Amino acid sequence: VNANDSKKRTVVHIAVIHGHVQSLKELLRVGADASARDNHSITPLMLAAFLGQTVIVDLLLREGNANSITRDDYAWAAIHFAAYSNHPEIIVRLARDLVGPGRPGIDFAQVSVMDWFGITKRLNDGRLFEKHSKRGATNKKDFLSPLSLAVQRLSLEAVEVLIEHGSDPTLVDK
């Protein structure tokens, strides 16, 4: 049930891509891995957030125990994907999960990716840029918070929701 294709996508990834809620429920019931990563470390939760699949996001968080803190190869968490693709209802769900029990002080809606990873001091490390150059990141401006992503994409609803849930518009990405 956790076999993968040439891109390391599992049947859970495929069910999410096609929005097959019932198939996903059954896969999770029989033990499929809801946190499986593809060849770019993208999880089913990240895909669902990007595609705006609210029901599937809820299902993965509730029944699949998906980890909303997980980051892909380019340092994005599911909330970044939701902000990028303007899905405010998913941002709300993920923000609540990120600051929920067992995760005190974690707020991706407010802290930039660079701050979160504590890698601002390693900006001159060539390996960091090499890893992120696949997506075109070549300097520190490319490491943005979900709020910055929403602003760049002119996702006004996403901006409003992020600010409403604690994003600080005065913070500057580093």
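What comes next concerns the included structure. Every chain's residues receive numbers from 1 upward, in the order its sequence appears when written. Per-residue local features are limited, in this predicted model, to residues with pLDDT of at least 70; the limit for side-chain atom pairs, both in listing and counting, is 80 or more; totals at the level of whole chains, interfaces and linings are taken over all residues. Side-chain measures were taken over the full set of non-hydrogen atoms in the model, leaving aside hydrogen atoms and water.

## Observations regarding the nonpolar core
We call a set of buried Ala, Val, Leu, Ile, Met, Phe, Trp, Tyr and Cys residues a nonpolar core when their side-chain atoms join them within 4.5 Å. Burial classes follow relative accessibility: with a 1.4 Å probe on protein chains only, a residue under 20% of its type's maximum area counts as buried, one over 50% as exposed, and anything between as partly exposed. Counting 39 residues, the largest nonpolar core has L24, L45, L60, I91 and L94 as the members making the most contacts within it. If you list the elements that add at least two residues to this core, you get α1 (11–17), α2 (21–29), α3 (44–51), α4 (54–62), α5 (78–84), α6 (88–98), α9 (146–152) and α10 (156–164). Contacts are assigned to residue pairs that have any heavy atoms within 4.5 Å of one another. Beyond its immediate chain neighbours, meaning those up to four positions away, L94 contacts L45, A49, V57, L61, S68, A78, I79 and A82. Here a helix means four or more residues in a row that DSSP labels H or I, a strand means two or more in a row labelled E, and each is numbered from the N terminus.

## Concerning the packing of α3 against α4
Between N-to-C directions, angles cover 0 to 180 degrees, with each direction set by a line fitted to C-alpha atoms, over the stretch in contact for helices. For the pair α3 and α4, the least separation of the axes is 8 Å and the interaxial angle reads 155 degrees. What the angle tells us is that α3 and α4 run roughly antiparallel. Considering the relative orientation of α3 and α4, their crossing is left-handed. Contact residues: P44, L45, A48 and A49 in α3; I56, V57, L60 and L61 in α4. Each residue belonging to the contact of α3 with α4 can be placed in one class, and the counts come to 8 nonpolar, no polar and no charged. Comment on the angle field: the value is read as roughly parallel under 35 degrees, roughly antiparallel over 145, roughly perpendicular from 65 to 115, and oblique elsewhere. In this scheme the handedness of a crossing depends on how the near helix is turned from the far one: anticlockwise by less than a right angle means left-handed, clockwise means right-handed. Amino acids are sorted into nonpolar (Ala, Val, Leu, Ile, Met, Phe, Trp, Tyr, Cys and Pro), charged (Asp, Glu, Lys and Arg) and polar (every other residue, Gly among them).

## Regarding α3
Most of α3 sits out of view: 6 of its 8 residues are buried. Among the residues of α3, those classed as buried are P44, L45, M46, L47, A48 and A49. Taken from the residues just after α3, G52 is the one with a positive phi, measuring 75 degrees.

## A look at the packing of α2 against α4
α4 packs onto α2 with a crossing angle of 5 degrees between their chain directions and a minimal axis gap of 11 Å. Comparing their axes, α4 and α2 come out roughly parallel. Residues V21, L24, K25 and L28 of α2 pack against V55, I56, L59 and L60 of α4. A breakdown of the residues in the contact of α2 with α4 according to their chemical character gives 7 nonpolar, no polar and 1 charged.

## Here we look at the packing of aromatic side chains
Put simply, two rings from Phe, Tyr or Trp (the six-membered ring, in Trp's case) pair if the centres are within 6.5 Å, and we call them stacked under 30 degrees between planes, edge-to-face over 60, tilted for the rest. Inspection of the entire model under this criterion finds 3 aromatic pairs. Consider the rings of F50 and F81, whose centres lie 6.5 Å apart with planes at 90 degrees: the pair is edge-to-face. One end of the pair, F50, is in helix α3; the other, F81, is in helix α5, with 31 residues separating them in the sequence. Given a relative accessible area of 36%, F50 falls into the partly exposed group. Between W76 and F81, the aromatic rings sit 5.2 Å apart at their centres with planes inclined by 75 degrees, giving edge-to-face as the arrangement. The buried category is assigned to W76, whose relative accessible area is 12%.

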